[in-house]
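Structural overview for review
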Amino acid sequence: EAQVTQNPRYLITVTGKKLTVTCSQNMNHEYMSWYRQDPGLGLRQIYYSMNVEVTDKGDVPEGYKVSRKEKRNFPLILESPSPNQTSLYFCASSNPPLMDTQYFGPGTRLTVL
Amino acid sequence: GESVGLHLPTLSVQEGDNSIINCAYSNSASDYFIWYKQESGKGPQFIIDIRSNMDKRQGQRVTVLLNKTVKHLSLQIAATQPGDSAVYFCAENKGNTGGFKTIFGAGTRLFVKA
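Residues numbered from 1 in each chain as written. Chains lettered and ligands numbered in written order. Predicted model: local features only at pLDDT ≥ 70, side-chain atom pairs only at ≥ 80, totals over all residues. Heavy atoms only, no water.

**Some details on the sheet that holds strand 6 (residues 62-67) of chain B**
All names here are of chain B. Put simply, the test is: Strand pairing is assigned whenever DSSP detects at least two bridges linking the two strands. Here a strand is any run of E in DSSP of at least two residues, a helix any run of H or I of at least four, and the numbering for each starts at the N terminus. Lines fitted to C-alpha atoms define the axes, with helix axes restricted to the stretch in contact, and inter-axis angles between N-to-C directions lie between 0 and 180 degrees.
With respect to topology, four strands assemble into an open sheet ordered 2-7-6-5, the strand pairing being antiparallel. Each end of this open sheet is capped by a strand with a single partner; those strands are strand 2 (19-24) and strand 5 (56-58). Adjacent strand axes in the sheet meet at a mean angle of 15° when their direction is disregarded. Bridge count between strand 5 and strand 6: three bridges; the pairing is antiparallel. Bridge assignment links Lys56 to a residue of strand 6, and that residue is Leu65.

The following block contains the structure:
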């Protein structure tokens, strides 16, 4: 089954404790992306990757890092989480050159205390 | 798409009626537009898309209209069903001209009354 998976689905952590949210897709997509969703603000793009070892900032990259060492995986790293990063996070993937729909993962709900 | 702050626009329709959800997009250079449906507790799901060289596209019970003159996108759902209740997002992809970014609208919540 074609899918995007994220782990963990739920996470409660404390300020400053480094965490990683994993994302994996099995569709051989070149493009992958991370979004955060906050009430009334829709989805805002954090980082995206056009291919292995190619990443770029979206609209809200501050406080986040990503890496793309393999085509199927695109982890989101919060080196020092803060309460304003409490949000619902979605990973997505698609075929290049983005003239195609993105497939979204199930979401990761992160709470930073 | 427009940001509408903390409160989602809401549309309430009677089952069987047609629904029209509107969206204003931000960048005239955007070349690909998509409508997504998001049900509670799930990620956005593709409904229909349209490229900038088109002004109308039809799917099964859904139609997307694109008016590039006023940067407006609409989603029409025919014979709305209770299963259509969800939040609907428009999104614009900027492709080559915009650094391959995707911009989402704030969303519209659709309620279908039985």
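**Some remarks on the pattern of salt bridges**
For clarity, the cut-off: Criterion for a salt bridge: a side-chain nitrogen of Lys or Arg within 4 Å of a carboxyl oxygen of Asp or Glu. Note on classification: 1.4 Å probe, protein chains only; a residue is buried when its accessible area is under 20% of the maximum for its type, exposed when over 50%, partly exposed between these limits.
For the structure on display, the rule yields eight salt bridges over all chains. One salt bridge in this structure joins A:Lys65 and A:Glu79, with 2.9 Å as the shortest N-O distance. Here A:Lys65, found in strand 7 (residues 65-66), pairs with A:Glu79, found in the loop between strand 8 (76-78) and strand 9 (87-94); they are 14 residues apart in sequence, far enough to count as distant. Between B:Lys42 and B:Glu39 there is a salt bridge, with its nearest N and O atoms 3.7 Å apart. Given the relative accessible area of 47%, B:Lys42 is considered partly exposed. Judged by its relative accessible area of 27%, B:Glu39 is partly exposed.

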